Amino acid sequence: MEQIVDINNLSRSFGSNTALDGVSFRATAGQVYGLVGANGAGKTTLLKHVLGLLRATSGSVRVFGLDPVRDPVGALSRVGYLSEERELPEWMRVDELMRYTQAFHPTWDASYARELLESFELDSSKKIKELSKGMRAQAALIAAVAHRPELLILDEPSSGLDAMVRRDILDAIVRTVADDGRTVIFSSHLLDEVERMSDHVTLMHHGRVTVSGRLDDVRGGYQRSRVWFGQHFDQPPVLDTALAIEGGGRSWSVVHTGSLEQFHHAVLALGGEVVESRDATLEEIFLARAGRSRQQVEAA
Amino acid sequence: MMRSPGFSPVSALLWENWRLTRREGAQRFAQGIIVAGAVLAWSAAFGAIGTNTARWAFFLVGMTYVPLWVSVAKLNGGRFMDGYRPGYPFYFLYTRPVPTFVLVGAPIAYLVASAVAGYVASALVLRAAFGYPFPLLSVAACIAAFHIAQWAAQWGTSNKVVQWLGSMPAGLGIMALAFWRFREWPARFDFLIGDYALLTLIGVASFGLTVAGVARQRRGDARAFNPRTTTRDGFSDWLAGLVRFPCPTTSATRAQVWFDLRSSGLLVLAIGAALAMLLPLLFAVSGPIAAVRPYAIGVSAFAWPAALLFLPGNAFGIRRRQGHAFASTFEATLPRKTAPLAGVKVLVRTACVVAALIVVGLSAWASLSLVSGWMSAAQKMAIGPAFWELPSSQRGALVGPEAHGVLLLQHTIQQTFGALAGSQLVALAIVIAIGVAVLVALRAAHAALRARYPRRLNIATWMLLVHGLVLVLLALAVRRGIASALALDTILRGTKWTVAAGTVFATVYLFWSLLRERLLPPRQAGVALLASAAFGAAWFTLLGAGGLHIASMPAIDAAWMLSPALLPLTACVLAPWSLSRIRHT
């Protein structure tokens, strides 16, 4: 499969703050990639490197095999971008925004843009500054997708959109782009959205990639088990493959990796038994990986 | 990290104001002393400080504390005439359990106290350094009253018209009073008891109006300050909406030209047109009203330099939000190479600035002819070919000093341009046009570098200022025989050659850096070289017209005289390099 984005060992610091620490990330054609992480995890910094807005000071970034800083035309002409801040020139009218963006993209599909404008019920004679936050996001989204980019980058696309717009429009656009054999990378902290839309998921925490892979593989690699011990534990029991443990006394809930059989043996060795096991949800994996499970927070 | 003191609401309000304005306060304090000190030191270097020089210095340090420069716009969330929102800016304080007069009184007290303290400290420093009796109490009272009156207009209402109209009478009244009493300074600058009473009355009335206006906004009886959510707004946006023409979709370059014209070029043209209209109006009014004549002369003399100074700024459209400067992500993510993007931005702004300068220049020239309205029939008759052979004092006595000033300016311009041959006029046009482009590019690069490397640029700026101040003080010391002229000459020569060598080194480095990063396409590099060559040739022609013969000069002096020819090349490489640094941080 064609490699669209290839990031190798990328690190970036702002003063004493490490935003990215040895991040590697690859994206291939026709897939939807969800970037998940808490605020400040490094998602936007990573996307800005893909767009060439930040220079790679350590490591390398290639988009369509090109360095987006050295060859912005080659890379950006094939990319559509929706920023978190929806930063658009306030004085422009919607139709002017469309014409202006069109001038930079020979592949601009005017009928598609018109179709989206109609479906969003956007008044093209309105100035950007007169639009609501949601309408502004819709205008920015049209400007990002109407040239049918090979790579669509969405930074927190749901921010400011109501639930209906999010599900009916954003999901549809993202799926259409992916079904056309094009690639979508989007960042979000709405885990249900990532689970619904992504083929691949990358979890980031403190500038590092903690989990990355196909969504099914990621989910299949983590289980949440309810365990019951014969003896009372004041502190969480020590289990090798456990990432997060919640509960108290004899009953504990554990998010863990590795094989279920291995986990069963570990629990048995402590005199307990596994009552129930299921694949962990993305939220449970994220919280366990980000160290935000209740038990870990309490322990901290 | 700075922590808010938790003593009382008033302390918290004062702390908030200090955090917002401390940098600007320090900047104004340094600026007042350095600018006024430089004027006085420069004058002292060439003899005793004259009364007019001292007045200028006093004027400059006083004007530093005029509230227009203060954070009126910043406190209200934008820049002056650009996203400026009138109304009480600390709207988020409405929910705090504090009476309205405290909400208004604490910030006003802080702003007034900081301005007064800044002026008094500056005046004391200048008094000690130069021995001139800069007045303290009277000017402090004027500054305080002026500030309170301005805040009444700025904060008491969110209606822009009322604000603009309201800020004028009190402000102009206080300035008129100060200027009237100022006439006899340094011999005398006393305020009468009545003057202080008037200033107190203005202050108390303004404070009352502000409290009443803010209380209305707080209760919801008047439209409250609208918190700024967008990055740009205001006059330039209004203008962009007023003049509409469709964006071309046939090429990215044309679309970029359209964008830069609409977003900033129109504003430059509008300011040029407004200035051009103001000049003949002032001259026409000054015929029947003699009091307006000094203003007509002043505005026509400063209109062109002011337009040249202010209109070329920030061609890259660097934005500021909450103290953070950045390039537009929208523009940065468009598939456009950085060098052509920088080139289009600089050229569009240059075209607009040159057009504005032409309009202002033509208007000023046409307005000068209206000076005949200032003279009687007999005075007009006196102006003939023999008039210019008379001594200056006699000419002034014949037609009046103001008319003589204008006629002299007109005559000098005529003589200067009349003496130039056709090729020299072409050379002058080339030097002005490319010079404006260089200025636009350097200002744009400065704004970009200031946003990208603020600390380094601030250090460099302060070092330059200190260096300049040292030179001025050394010149003063040489004049008084304290220091050796050789030392000053050596430092001056050293400075000159450091600047020249630095410019050459920076140009070569940037050129190499741009080529290495493949930022500068060969075609644009060729255009840069051609522009530099054209500027060099034109510069050489003008030097010849000015009586400077490069061939007969020592090689070092000749190289120095020709060094400005390198500036277009420097600007051509610095502009894309700096835009690249802020586009790809």
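Rules behind the numbers
Residues numbered from 1 in each chain as written. Chains lettered and ligands numbered in written order. Predicted model: local features only at pLDDT ≥ 70, side-chain atom pairs only at ≥ 80, totals over all residues. Heavy atoms only, no water. Pairing = 2+ DSSP bridges. Helix = DSSP H or I, 4+ residues; strand = E, 2+ residues; numbered from the N terminus. Axes fitted to C-alpha atoms, helices over the stretch in contact; angles between N-to-C directions. Contact = heavy atoms within 4.5 Å. Buried < 20%, exposed > 50% of the residue type's maximum accessible area, 1.4 Å probe, protein only. Polar contact = N/O pair within 3.5 Å; in protein donor to acceptor, adjacent residues only side chain to side chain. Phe/Tyr/Trp six-rings, centres within 6.5 Å; stacked < 30°, edge-to-face > 60°. Lys NZ or Arg CZ within 6 Å of the ring centre and 35° of its normal.

Trainee: Before we go on, may I ask you to explain the sheet that holds strand β5 (residues 79-82) of chain A in this structure?
Mentor: Sheet strands pair by backbone hydrogen bonding; their relative direction is either parallel or antiparallel. Residues and elements named next belong to chain A. Taken together, six strands build an open sheet; the order of strands is β5-β6-β7-β3-β8-β9 and the sheet is mixed. Strand pairing shows two members of the sheet lacking a second neighbour, β5 and β9 (208-214), which therefore form its edges. For this sheet, the mean angle separating the axes of adjacent strands, direction not counted, is 15 degrees. Bridge count between strand β3 (residues 32-37) and strand β7 (residues 183-188): five bridges; the pairing is parallel. Each bridged residue has a counterpart across the sheet, and for L35 the counterpart in β7 is S187. Against the sheet, helix α5 (residues 133-145) touches β5 and β6 (151-155), its axis set at about 170 degrees to β5. Lying over the sheet, helix α10 (residues 282-289) contacts β3, β8 (200-205) and β9, oriented at roughly 25 degrees with respect to β8.

Trainee: Honestly, the side chain of A:Q31 in this entry has me stumped. Any pointers?
Mentor: Residues and elements named next belong to chain A. Positionally, Q31 belongs in the loop between β2 (17-28) and β3. The class of Q31 is buried, set by a relative accessible area of 12%. Reaching out from Q31, the side chain makes a polar contact with the side chain of H200 at a distance of 3.2 Å.

Trainee: Any chance you could explain the packing of aromatic side chains here in plain terms?
Mentor: Centre distance and the angle of the planes are the two values used to describe a pair of aromatic rings. Scanning the entire structure with this criterion turns up 17 aromatic pairs over all chains. On the numbers, 4.9 Å between centres and 20 degrees between planes, the contact of A:Y100 with B:F259 is stacked. Here A:Y100, found in helix α3 (residues 94-104), pairs with B:F259, found in helix α9 (residues 252-286), and the two come from separate chains. Here the aromatic rings of B:F535 and B:W539 are separated by 6.2 Å at their centres, their planes lie at 10 degrees, and the arrangement is stacked. A residue pair is termed a helical-turn pair when its members lie 3 or 4 positions apart in one helix, as B:F535 and B:W539 do in helix α19 (residues 522-545) at four residues. A relative accessible area of 7% means that B:F535 is categorised as buried. Looking at B:W539, the relative accessible area reads 22%, which means it is partly exposed. Pairwise contacts between aromatic rings join A:W91, A:Y100, A:F104, B:W258, B:F259 and B:F330 into one cluster. The residue whose ring lies beneath A:R148 is A:Y112, and the NZ or CZ to ring-centre distance is 4.1 Å.

Trainee: Whenever I open this one, the environment of B:M553 confuses me. Can you help?
Mentor: Residue and element names in this part refer to chain B. Locating M553 in the fold gives a position in the loop between α19 and α20 (555-562). M553 gets classed as partly exposed once you look at its relative accessible area, which sits at 21%. Sequence spacing of M553 and G536 is 17 residues, and the spatial spacing of their C-alpha atoms is 17 Å. Setting aside anything within four residues of it in sequence, one finds M553 in contact with L548, A558 and M561.

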